[in-house]
Amino acid sequence: MGFFSNLFGKGKSRTTYNRAVTELAIGTWRRERNKENTVVVGALIEGLERDKDQDVRAATAVVLGEIRDPRGIGPLTKALKDKSEIVRVATCTSLGAIADSSSLEPLMTAFFSDNSKAVRGVAIQQIEKFQAVGAIVHILQSNADEHKRALAANLLGLSGDQLAKEPLRMAASKDTSGGVRKAATMALEGKARRFS
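Residues numbered from 1 in each chain as written. Predicted model: local features only at pLDDT ≥ 70, side-chain atom pairs only at ≥ 80, totals over all residues. Heavy atoms only, no water.

## Examining the overall build of the protein chain
Then, number 1: In terms of regular secondary structure, the protein chain is built from 11 helices and 0 strands.
Then, number 2: The buried share among the 196 residues of the protein chain stands at 48%.
Then, number 3: In the protein chain, once contacts between residues fewer than 6 apart in sequence are set aside, the share between residues at least 24 apart is 60%.
Then, number 4: A total of about 10600 Å² of accessible surface is found on the protein chain, and carbon and sulfur atoms cover 50% of it. (Helix = DSSP H or I, 4+ residues; strand = E, 2+ residues; numbered from the N terminus. Buried < 20%, exposed > 50% of the residue type's maximum accessible area, 1.4 Å probe, protein only. Contact = heavy atoms within 4.5 Å. Areas by Shrake-Rupley, 256 points an atom, 1.4 Å probe, with all protein chains shown as cover.)

## Remarks on helix α8 (residues 133–141)
Then, number 1: Residues of α8 that are buried include every one of V133, I136, V137, I139 and L140, and no others. Looking straight down α8, one finds that the buried residues subtend no more than 160 degrees of arc, so they occupy a single side. Exposed positions of α8 whose direction lies more than 90 degrees from the buried face are G134, H138 and Q141.
Then, number 2: Buried residues belonging to α8 abut α6 (104–113), α9 (146–159), α10 (165–174) and α11 (178–188). (Arc of directions from axis to C-beta.)

## A word on the pattern of salt bridges
Then, number 1: For the structure on display, the rule yields 7 salt bridges.
Then, number 2: Between D175 and R149 there is a salt bridge whose closest N-O contact spans 2.8 Å. Taken together, the residues span a long stretch of sequence, with D175 in the loop between α10 and α11 and R149 in helix α9 at a distance of 26 residues. Residue D175 shares its accessibility class with R149, and that shared class is buried.
Then, number 3: The residue K191 makes a salt bridge to E189 at a minimum N-O spacing of 3.5 Å. (Salt bridge = Lys/Arg side-chain N within 4 Å of Asp/Glu carboxyl O.)

## Regarding the packing of α6 against α8
A pair of packed helices is captured by two measures, namely the crossing angle of their axes and the spacing between those axes.
Then, number 1: Two numbers describe how α6 lies on α8: the axes approach to 11 Å, and their chain directions differ by 55 degrees. The angle between the axes of α6 and α8 places the two elements in the oblique class. Handedness of the crossing formed by α6 with α8: right-handed. Only A135, I136 and I139 of α8 make contact with α6, whose side of the interface consists of L104, E105 and M108.
Then, number 2: Its residues assigned to classes, the contact of α6 with α8 shows 5 nonpolar, no polar and 1 charged. (Axes fitted to C-alpha atoms, helices over the stretch in contact; angles between N-to-C directions. Parallel < 35°, antiparallel > 145°, perpendicular 65-115°, else oblique. Left-handed = near helix turned anticlockwise from the far one by under 90°. Nonpolar A, V, L, I, M, F, W, Y, C, P; charged D, E, K, R; others polar.)

In structure tokens form, the structure reads like this:
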């Protein structure tokens, strides 16, 4: 049994159990946040990666997002491949809450590749909240696949940030993909599409 599975005995309802686990982890983190949270974050990561119960994995993903510790990004990225849709939805929310530039790429991957409409919807909501124009410009100018570059162009258009205009102009005229050129042109014209 994992760390969280041993916290409470049998006979507790799943809702009570999950609420207690989440409150315990957040409470511990709040008390200890001025110290090194290695034990708390490590226990949460263990729960996310090893617990057999999807509700526990989802709860630990949520708590990792609440804590906003960048050490959770790698395990959360792995959790985007969890077989449970509930875990993947919670994971997208948490990656967005952490809002580190390194959580943008996994969210974009979830948006493009997850079979679940719910996961894709949460992923794009989290992506749209990013104020990381530089990271999105990097994706637009990278060798990422054309769908990711087109989404990056769209997001830059939605941002309205002046720093996005020149990279969008370059993409509109010189990108090798017609879809990316079109997305960049639409973004420059103020016709970027909202997904949520």
